[in-house]
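# Fold and contact review
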Amino acid sequence: MKWTRSETLALAQQSCSYCYGLGLRPGRAGVSTPCNCVFRAIFRACHARFKQCASREKHISRVSLEANPGRQRKSVWGLKDEEFIADFCLVAKRTLSDREHRVFKFHFLLGADWKLCCRRLNIDRGTFFHEVYRIEQKLGRTFRELEPYALFPVDEYFSGTPRLVPPGESSFKVETEEAPKAKPILKFPLKKAA
Ligand SMILES: [Zn+2]
């Protein structure tokens, strides 16, 4: 996937002291990278949708007909709310370390506040909030970059139609730090043995 400048700008926190609301930070080798405030905004949007799905009454869950990719191309009936809940939990489990996942489970899944989490996990307040920030950043990035079905933007997840970035929307494609371009392999002339 590609990040675009218009996307990071829309998601950035205006008061961010790292990117000043632009949503971009200078990365390695002169390549821009999305700011952590962008990843946190993505995580929070997904978490809000997760809470909405999880708190909905079971009998009013929407059933939708979706195209099933593959040779048969049959349509399948899906329970989107349940799928989103499952994806949200599974991606977190796969992405986070055991220690981070414990904080994630208590705070984001079970809704425990910082006092309860600190007591239960035996950590101080500073450590707790540091962990929460790391979790939000890690998962925000993963939720957006997940292929073929990203959890964010959530409306695309639910409609099942991935948005295609129109050509020329932004002339500055933002490469992520995690996926640097392959460097050309340097070749040295072989020395002949004397
Ligand atoms: Zn920022």
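In what follows, the accompanying structure is described. (Residues numbered from 1 in each chain as written. Predicted model: local features only at pLDDT ≥ 70, side-chain atom pairs only at ≥ 80, totals over all residues. Heavy atoms only, no water.)

With respect to the helices and strands, R120 occurs in helix 5 (residues 114-121). Sequence separation between R120 and F106 is 14 residues, and the spatial gap between their C-alpha atoms is 8.9 Å. (Helix = DSSP H or I, 4+ residues; strand = E, 2+ residues; numbered from the N terminus.)

Our focus in this paragraph is the coordination of the zinc ion. For the zinc ion, the protein coordination sphere consists of C16 (SG), C19 (SG), C35 (SG) and C37 (SG), at 2.3 Å. Taken together, the four donor atoms coordinating the zinc ion and their angles of 106 to 114° define a geometry best described as tetrahedral. Mapped onto the sequence, the residues coordinating the zinc ion show the spacing C-x2-C-x15-C-x1-C. A residue pair is termed long-range when its members are at least 10 positions apart, and C19 in the loop between helix 1 (5-11) and strand 2 (24-26) and C37 in helix 2 (residues 36-55) qualify at 18 residues. Considered together, C19 and C37 belong to a single accessibility category, that of buried residues. (Donors = N, O, S within 2.8 Å, 3.2 Å for Na, K, Ca; no water. Tetrahedral: all angles 85-135°; square planar, octahedral: opposite > 155°, others 65-115°. Buried < 20%, exposed > 50% of the residue type's maximum accessible area, 1.4 Å probe, protein only.)

This part covers the nonpolar core. Counting 39 residues, the largest nonpolar core has C46, F84, F104, F143 and L151 as its most contacted members. Elements represented by at least two residues in this core include exactly helix 2, helix 3 (80-95), helix 4 (98-109), helix 5, helix 6 (125-145) and helix 7 (154-159). The element that contributes the greatest number of residues to this core is helix 2, accounting for eight residues. Setting aside its immediate chain neighbours within four residues, L151 contacts C46, F84, D87, F88, V91, F143, L146 and Y157. (Core = buried A, V, L, I, M, F, W, Y, C linked by side-chain atoms within 4.5 Å. Contact = heavy atoms within 4.5 Å.)

This part is about the packing of aromatic side chains. The tally for this structure, following the rule as stated, stands at 14 aromatic pairs. With centroids separated by 5.4 Å and ring planes inclined at 65°, the aromatic side chains of Y157 and F158 adopt a geometry described as edge-to-face. Considered together, Y157 and F158 belong to a single accessibility category, that of buried residues. Site record: aromatic cluster; members linked through ring pairs are F43, F50, F84, F88, F104, F108, F143, Y157 and F158. Above the face of the F158 ring, R49 is positioned so that its terminal group lies 3.9 Å from the ring centre. When the ring centre of Y157 is taken as origin, the NZ or CZ atom of K80, which lies over that ring, is 4.6 Å away. (Phe/Tyr/Trp six-rings, centres within 6.5 Å; stacked < 30°, edge-to-face > 60°. Lys NZ or Arg CZ within 6 Å of the ring centre and 35° of its normal.)

Glancing now at the pattern of salt bridges. Enumeration according to the criterion identifies seven salt bridges in this entry. Residues R144 and E7 are paired through a salt bridge, measuring 2.6 Å at the closest nitrogen-oxygen approach. Separated by 137 residues along the polypeptide, R144 in helix 6 and E7 in helix 1 bring together distant segments of the chain. Per residue, the accessibility class of R144 equals that of E7, and both read buried. Through salt bridges with shared partners, one network takes in E100, R134 and K138. (Salt bridge = Lys/Arg side-chain N within 4 Å of Asp/Glu carboxyl O.)

Okay, the environment of E82 next. Relative to the helices and strands, E82 is located in helix 3. Taking the relative accessible area as the measure of exposure, E82 reaches 23% and is therefore partly exposed. Residues E82 and F50 lie 32 residues apart in sequence; the distance between their C-alpha atoms is 9.5 Å.

With that settled, consider helix 5. Turning to helix 5, its buried residues are C117, C118 and L121. Projected down its long axis, helix 5 carries its buried residues within an arc of 100°, all on one side. With respect to the buried face of helix 5, the exposed residues turned more than 90 degrees away are R119 and R120. Buried residues along helix 5 sit against helix 4 and helix 6. Two residues or fewer after helix 5 comes N122, characterised by a positive phi angle close to 60°. (Arc of directions from axis to C-beta.)

In this structure, P148 follows E147 across a cis peptide bond, with omega equal to 5°. Note that P148 resides in the loop between helix 6 and helix 7. Here F152 and P153 are connected by a cis peptide whose omega angle stands at -5°. Of note in this structure, Y20 is not a glycine but carries a positive phi near 55°. One non-glycine residue, N122, lies in the positive phi region at around 60°. The topology assignment puts N122 in the loop between helix 5 and helix 6.

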